[in-house]
Amino acid sequence: EPEVTQTPSHQVTQMGQEVILRCVPISNHLYFYWYRQILGQKVEFLVSFYNNEISEKSEIFDDQFSVERPDGSNFTLKIRSTKLEDSAMYFCASSEATSGGAHEQFFGPGTRLTVL
Amino acid sequence: AQSVSQHNHHVILSEAASLELGCNYSYGGTVNLFWYVQYPGQHLQLLLKYFSGDPLVKGIKGFEAEFIKSKFSFNLRKPSVQWSDTAEYFCAVMFKAAGNKLTFGGGTRVLVKP
């Protein structure tokens, strides 16, 4: 069964450093998403991406965040200058585009980001 | 803002007991509803979903959920749990007016004792 994959599984970085989290969505999917879960808190939506552009973003997704689909398979989340409060589990998800507009999202295993 | 709440943070029960996990969401018009499960060390997996039609939805592994529109609820049930149902369960809502993003509840950790 096709799966969303994410690398690395765990990333440790120093505050102020840039990190890139990588995701390979399911191959025939066209919508891509990033969510995060800070320890002890809810899973929160960050951004959705369709047709090579951001379709929605949350208040969390400020100028230090960016997303890119650099090739036909990868979908990346970049954090330019990490802060302590960026420490979280980051989940990538993807879904098919359907004419009915209802989408089931498939999630990757997550990248645990630790900012020191 | 749209929100989703799950009534219990932790549930402990014995094998063969019945399970019901509550999920309520704030009013927000048309919704799509989901329950995801995360087994220890694994990623979020879809248990079941409601888009339209019969409000009683059957999912994988014997789970079902009932959408009660008047109560803004989508409670998850399983008549008889097994030790392998030990996991964290997340209710998620897609408020159609807010696009395709999912709004998650806080999750419920379920421990099934053998």
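Refer to the structure above for everything that follows.
Residues numbered from 1 in each chain as written. Chains lettered and ligands numbered in written order. Predicted model: local features only at pLDDT ≥ 70, side-chain atom pairs only at ≥ 80, totals over all residues. Heavy atoms only, no water.

Draft legend 1. Inspection of the sheet that holds strand β3 (residues 19-24) of chain A at higher detail. Residues and elements named next belong to chain A. Pairing is antiparallel across the open sheet formed by four strands, whose spatial order is β1-β3-β8-β7. On the outer flanks of this sheet lie β1 (5-7) and β7 (65-68), each paired with one strand and no other. With strand direction ignored, the average angle separating the axes of adjacent strands in the sheet is 20°. Alignment of β7 against strand β8 (residues 75-79), held across four bridges, turns out to be antiparallel. Its bridge partner lying in β8, V67 is registered against L77. (Pairing = 2+ DSSP bridges. Helix = DSSP H or I, 4+ residues; strand = E, 2+ residues; numbered from the N terminus. Axes fitted to C-alpha atoms, helices over the stretch in contact; angles between N-to-C directions.)

Draft legend 2. Spatial organisation of unusual backbone geometry. Of note, the bond from A:T7 into A:P8 is cis; its omega dihedral lies within 30 degrees of zero at -10°. Structurally, the position occupied by A:P8 is in the loop between β1 and β2 (10-13). Within the chain, B:K61 stands out as a residue other than glycine whose phi angle is a positive 60°. On the secondary structure map, B:K61 appears in the loop between β7 (56-58) and β8 (64-68). Residues other than glycine seldom take positive phi values, yet B:F72 does so here, at roughly 50°. Mapped onto the fold, B:F72 is located in the loop between β8 and β9 (73-78). B:F72 sits in the partly exposed class, given a relative accessible area of 29%. (Buried < 20%, exposed > 50% of the residue type's maximum accessible area, 1.4 Å probe, protein only.)

All we've got here are geometric facts, nothing functional implied.
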